[in-house]
Amino acid sequence: MGLLTLINTIPYEWDNVLAIIIGLAFGFVLESSGFSSSRKLAGVFYGYDFAVLKVFFTAAVVAAIGLYYMDYLGFISVGQLYVHPTYLWGGIIGGAIMGVGFVAAGFCPGTAVTSAAIGKIDAMVYIGGIMIGVFIFAELYSLFQPLYEGSFLGNITVVDYFDLNPYWFIFILTIAAILAFILTDLIRKRVKKVFY
Amino acid sequence: MKNKEHNRHIYWNPYFGGFLLGLIIIFTFYTTGRGLGASGAMKSGVVAVVETVAPTHAEANGYYSKFISEDKSPLNTWLVFEVIGMLIGGMISGGLSGRIGWRVQHSPKITKRRRLYFALGGGILFGIGAQIGRGCTSGAALSGMSILSVGGFITTFAIFGTGFLVAYFFRKNWI
């Protein structure tokens, strides 16, 4: 089970040191990829900059290939990793609300953190907004509870739920990503340039 | 501005950035068994504030009480430390490229005030949505997709699908 077992045996303070190191790398890569700029991020919705789609899709495909390859080699066991739970309607409605917030503000929480780190006041206001949003949700929790806890399908992956072969699925996902990259490059050539 | 043309090239190639981000996700799963996140740290911040200001209210509330424990502060979570790291990492990257400075970034077609109102409103929506969807673009969509979680794909499509649907109404802010 690789390092996982090692981490479980070391004191939890080191877990937090590891968290800072991982966060440092995460923040560095996001900022260097231009994700501290809301105008660059919003480009994906208007066709003048597809960096979000490219970085996001590349990362997901690389991670999926890497994790399943490490599983194949026996370094990790995919079945023991934490799978984000599926709450069907919570995922859809929550995602839809996040989508509107994304276009309105041009940030998602992670990108806003790196943007606030380089002094952008709009990102700091946005993070304040997120905290107000969490507060509203928590105060009205009884209202949201049925949606939050309903339609739970388990911590499922497409492999167990649709009974797919993970290798074929990742292969098709990779092809889909490459096609999306080619298509978005064609779109970008036809869209009026926006400089920011 | 003269450096506008320049600006397009100061960021990394997106495939390079995405590749490194993918490696970070693999490393995170390998060492901790979980993926990355961001909005969870902001939730912890809210829980900590409410617990300090109104402890009885926080314990009575069905949502805050999930994240309060006797023996440690709500701020003592993995994601809070990860986000502290993100701040440092972003600052190093921005500092190396000379991008640090106080400013409000907005399209020249809109005012600073309008930009801040929309940033606040978008933040509030994202905060609510990330609670309902149990994670944001990092935790639910990106880390979820990496591990082929059904919910990860659903949230990803919901976020970006809705984004494209409503983009028309917000176009003045961006183009």
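This text gives an overview of the structure that appears in the document.

Cut-off values and rules
- Residues numbered from 1 in each chain as written.
- Chains lettered and ligands numbered in written order.
- Predicted model: local features only at pLDDT ≥ 70, side-chain atom pairs only at ≥ 80, totals over all residues.
- Heavy atoms only, no water.
- 1 Å grid on protein atoms, 1.4 Å probe; cavity = no way out; pocket = protein on both sides within 12 Å on 5 of 7 lines; lining within 4 Å.
- Points joined across faces, edges and corners; volume = space filled by probe spheres on them.
- Helix = DSSP H or I, 4+ residues; strand = E, 2+ residues; numbered from the N terminus.
- Nonpolar A, V, L, I, M, F, W, Y, C, P; charged D, E, K, R; others polar.
- Contact = heavy atoms within 4.5 Å.
- Salt bridge = Lys/Arg side-chain N within 4 Å of Asp/Glu carboxyl O.
- Polar contact = N/O pair within 3.5 Å; in protein donor to acceptor, adjacent residues only side chain to side chain.

1. Things to note about empty space enclosed by the protein
1) Next: Across all of its chains, the model carries 2 cavities of 30 Å³ or more by this definition.
2) Next: Roughly 140 Å³ of volume is contained in the largest cavity.
3) Next: Lining the largest cavity are 15 residues, and of these A:L30, A:F35, A:F56, A:C108 and A:T111 lie nearest its centre.
4) Next: For the lining of the largest cavity, the elements supplying multiple residues, two or more each, are α2 (12-32), α4 (51-73) and α6 (109-117) of chain A together with α7 (137-146) of chain B.
5) Next: Empty space within the second largest cavity amounts to approximately 50 Å³.
6) Next: In terms of lining residues, the second largest cavity is bounded by A:H84, A:P85, A:T86, A:Y87, A:G90, A:G91, B:I132, B:G133, B:R134, B:G151, B:I154 and B:T155.
7) Next: Counting residues per element, the ones that place at least two in the lining of the second largest cavity are β1 (86-87) and α5 (88-105) of chain A together with α8 (150-166) of chain B.
8) Next: If one sorts the elements of the lining of the second largest cavity by residue count, α8(B) sits on top with 3 residues.
9) Next: Split into classes, the residues belonging to the lining of the second largest cavity amount to 4 nonpolar, 7 polar and 1 charged.

2. Re the interface of chain A and chain B
1) Next: Each partner contributes to the interface: chain A provides 124 residues, whereas chain B provides 119 residues.
2) Next: The shortest N-O distance in the salt bridge between B:R99 and A:E31 comes to 2.7 Å.
3) Next: Where chain A packs against chain B, one counts 34 residue pairs in polar contact (both at pLDDT 80 or more).
4) Next: Broken down by class, the residue content of the side of chain A that touches chain B amounts to 86 nonpolar, 27 polar and 11 charged.

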